[in-house]
Amino acid sequence: MYCQKCGQYNADNAIYCSNDGELLLHKSDKVFMSKQEVFYCKHCGERVESYFLYCTNCGQSQFKTDIGKKTIKSPKTETKLKQDKGFKTIDFITPLKFAGVAVLLLLIVSLIASTSINKNLNEEINDYLLVAGIDPHMDIKFLDTIDLTLLSHLSELAIEFDSIDYGYGTATFRSDISLFLLAPLVIFVILGILKGRKDLKTEKHFRLIDHVLVALYYALGLLIISRFSVKETYIPIPFDDDYMIISKYYRPFTVFFNSFITTLVFFLLGYGIYIFIKKENERLYRYRYIFNGIFSITFGYFISLIVYMLAFRENISGILIELEYVDIEQFFTEPSFIWNIINFNTIFYSEFGNVHSLSLFKNASMLKDSLDNLTIVVLYILTLVPFVLFFFQGRHEKKTGDGNLYLKLAYNSISYSILISLFNSIAKVKFELFGSMIDEPISLAMGFKPSTTFFTCFIFSYLASLAGAFLANSEYKKVGYVYEK
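Residues numbered from 1 in each chain as written. Predicted model: local features only at pLDDT ≥ 70, side-chain atom pairs only at ≥ 80, totals over all residues. Heavy atoms only, no water.

Caption draft 1: Broad picture of the overall build of the protein chain. Tallying secondary structure elements over the protein chain gives 14 helices and twelve strands in all. Burial status across the protein chain gives 47% buried among its 485 residues. Long-range contacts, defined here as pairs at least 24 residues apart, represent 68% of the contacts in the protein chain between residues at least 6 apart. Within the structure as shown, the protein chain displays about 25,400 Å² of accessible surface, and the carbon and sulfur contribution to it stands at 62%. (Helix = DSSP H or I, 4+ residues; strand = E, 2+ residues; numbered from the N terminus. Buried < 20%, exposed > 50% of the residue type's maximum accessible area, 1.4 Å probe, protein only. Contact = heavy atoms within 4.5 Å. Areas by Shrake-Rupley, 256 points an atom, 1.4 Å probe, with all protein chains shown as cover.)

Caption draft 2: Local environment of the pairing of strand E7 (residues 347–351). When you tally the buried positions in E7, you get five out of five residues, the bulk of the element. Both faces of E7 are covered, namely the face carrying Ile-347, Tyr-349 and Glu-351 and the face carrying Phe-348 and Ser-350. Looking at chain direction, E7 and strand E8 (residues 354–358) are connected through five bridges and run antiparallel. Looking across to E8, one finds that Phe-348 is bridged to Ser-357. (Pairing = 2+ DSSP bridges.)

Caption draft 3: Helix H14 (residues 450–471), seen in detail. When the terminal C-alpha atoms of H14 are compared, their 31 Å separation across 22 residues agrees well with the 32 Å that a helix rising 1.5 Å per residue should span. Every buried residue belonging to H14 is among Thr-453, Thr-456, Cys-457, Phe-460, Ser-461, Tyr-462, Ala-464, Ser-465, Leu-466, Gly-468 and Ala-469, and all of these are buried. Those residues of H14 hidden inside the fold are in contact with helix H9 (335–342), helix H12 (384–400), helix H13 (405–426) and strand E10 (442–448). (Expected span 1.5 Å × (residues − 1).)

Caption draft 4: Quick look at the side chain of Thr-383. On the secondary structure map, Thr-383 appears in the loop between helix H11 (373–382) and H12. What makes Thr-383 buried here is its relative accessible area of 11%. For Thr-383, the contacting residues outside a window of four places in its chain are Ile-342, Phe-344, Leu-360 and Phe-460.

Caption draft 5: Up close: the nonpolar core. Counting 79 residues, the largest nonpolar core has Phe-161, Phe-188, Leu-191, Tyr-218 and Tyr-416 as its most contacted members. Looking at this core, the element that brings in the most residues is helix H6 (residues 252–277), giving twelve residues. Ranked by size, the runner-up nonpolar core spans six residues in total, among them Ala-410, Tyr-462, Leu-466 and Ala-469. (Core = buried A, V, L, I, M, F, W, Y, C linked by side-chain atoms within 4.5 Å.)

Caption draft 6: Region of interest: the packing of aromatic side chains. This model, assessed by the stated rule, comprises 21 aromatic pairs. Look at Phe-206 and Tyr-287: their rings are 5.0 Å apart centre to centre, the planes differ by 75°, and that puts the pair in the edge-to-face class. In this pair, Phe-206 is assigned in the loop between helix H4 (182–201) and helix H5 (208–226) and Tyr-287 in the loop between H6 and helix H7 (288–315), connecting sequence segments 81 residues apart. Where Tyr-406 meets Phe-470, the ring centres are 6.3 Å apart and the plane angle is 70°; that geometry is what we call edge-to-face. Here Tyr-406 is found in helix H13, whereas its partner Phe-470 is found in helix H14, with 64 residues between them in sequence. Taken together, the ring pairs in this structure connect Phe-206, Tyr-271, Tyr-287, Phe-291 and Phe-295 into an aromatic cluster. Across from the ring centre of Tyr-285, 4.2 Å away, lies the NZ or CZ of Arg-288, which sits over that ring. Above the face of the Phe-348 ring, Lys-449 is positioned so that its terminal group lies 4.4 Å from the ring centre. (Phe/Tyr/Trp six-rings, centres within 6.5 Å; stacked < 30°, edge-to-face > 60°. Lys NZ or Arg CZ within 6 Å of the ring centre and 35° of its normal.)

Caption draft 7: A look at the sheet that holds strand E3 (residues 157–163). Ordered by their spatial adjacency, eight strands build an open sheet running E5-E6-E3-E4-E9-E10-E7-E8, and the pairing between neighbours is antiparallel. Strands at the two margins of the open sheet, each flanked by one partner only, are strand E5 (232–236) and E8. The sheet shows a mean angle of 15° between the axes of neighbouring strands, taken without regard to direction. (Axes fitted to C-alpha atoms, helices over the stretch in contact; angles between N-to-C directions.)

Caption draft 8: Quick peek at a nonpolar patch on the surface. A contiguous nonpolar patch, built from Val-377, Ile-381, Leu-384, Phe-387, Val-388 and Phe-392 and spanning about 540 Å² of accessible area, is present on the exposed surface. Mapped by element, the contributors of at least two residues to the nonpolar patch are H11 and H12. The element best represented in the nonpolar patch is H12, accounting for four residues. Its place among the elements puts Ile-381 in helix H11. (Patch = residues over 30% accessible without salt bridge, like charges linked within 9 Å, V, L, I, M, F, W, Y side chains within 5 Å. Salt bridge = Lys/Arg side-chain N within 4 Å of Asp/Glu carboxyl O.)

Caption draft 9: Local environment of the pattern of salt bridges. In the structure shown here, the tally under the stated rule is nine salt bridges. Note that Asp-210 and Lys-195 form a salt bridge whose closest N and O atoms lie 3.9 Å from each other. Taken together, the positions of Asp-210 in helix H5 and Lys-195 in helix H4 put the pair 15 residues apart, joining distant regions of the chain. We classify Asp-210 as buried; its relative accessible area is 2%. The shortest N-O distance in the salt bridge between Glu-397 and Lys-408 comes to 3.7 Å. With Glu-397 in helix H12 and Lys-408 in helix H13, the pair connects residues that are eleven residues apart, well separated along the chain. Of the residues examined, Lys-408 reaches a relative accessible area of 6% and is grouped as buried. Overlapping salt bridges, with partners in common, bring together Lys-195, Asp-199, Lys-204, Arg-207 and Asp-210 in one network.

Structure follows, in structure tokens:
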């Protein structure tokens, strides 16, 4: 028989383990069943996790056996169980190190990018002035390192313009998912992979609190950094002796909330990718709903990106003609917008206070006025992509066989709907310009309402996964914690 504590093989007549002296339990003992933290299967010696109900190798129950009414636990085991629980066991230092490294890397990337952007902008302005017969001398810092650091998390930027002769004005800018987001995506996916590698190497269980702390520290760091952003920039007006003062301001709540959500999702994405590659999915079984939602959004975005590059980039041109100040091709062809549209979400857009809405069901006639028939057909065919994705998630939940099926499918749909709603709440196109320096105020906004997004995505994903569960073959044999044919 095998020792249920260390996995050492012992003779059948042995009373104590030859490796660690643990009392070996025999079939002849009078036993009572209760679950404890098991490390090795007592039947086959396979390594198992503490939350496994059955061995993944032989299928035997991992409930421990207690002799009589007294539970047999070594002092070392009791100490370990106590150390694995409670607030005092949370590691606050390691997440702080991860967050610090992430902030440092992002600042370095932003420094390089902002230097390049400012250089190119000044060169273009000086070339224009030279053609106009003015001695070029522009060397303006339009964007500093902190600006790009904050804009990479879709933070809302408010700008005030003021000059003596030309009046004043205010502008508010907020971008949807853009290339700026690529920097924190790459940084945190890499850090998530390193975290997963470290946990596997040290045989540490996945703990969501570790990832939440990293995102929390990181968001607090960016919030502090935003207070040190350059508040005012003086820009000389070439054709006059006047100059313009530009004052920048970032909304603290937006900085904190956006950076927390994006980094937490990216960090979990990197961790999940590494665990998936290493085929250690059972480590994430308790948190599979969160990872299913993250993987679904990531998969959907890249599928939409591929479709955009292959089909939509050249086919879509100006759906909403009346929006003169916005490139509608950019609006409808961005992968994030495509994924929302094929999830049957409703896009809301406003122009000078007039609010409109559009989806594959609502005001769909506008599509026919702006797109060719092939592109419209492709849009409706693409709705099969999220349907198939949720369909197979439903089949998988049916195969696990434990718990209430309807509740598990609801957990999956709720997780996905919350995540996509959160991203839609921070990824909005917004541009406002007011003041005496312009003839007419400009107010434009586009995006998906989080409440509408949650309701639509929940209904769609739940029905699709429910169809997958009902059509799945129910003749499965239980192996470990899943059912297989």
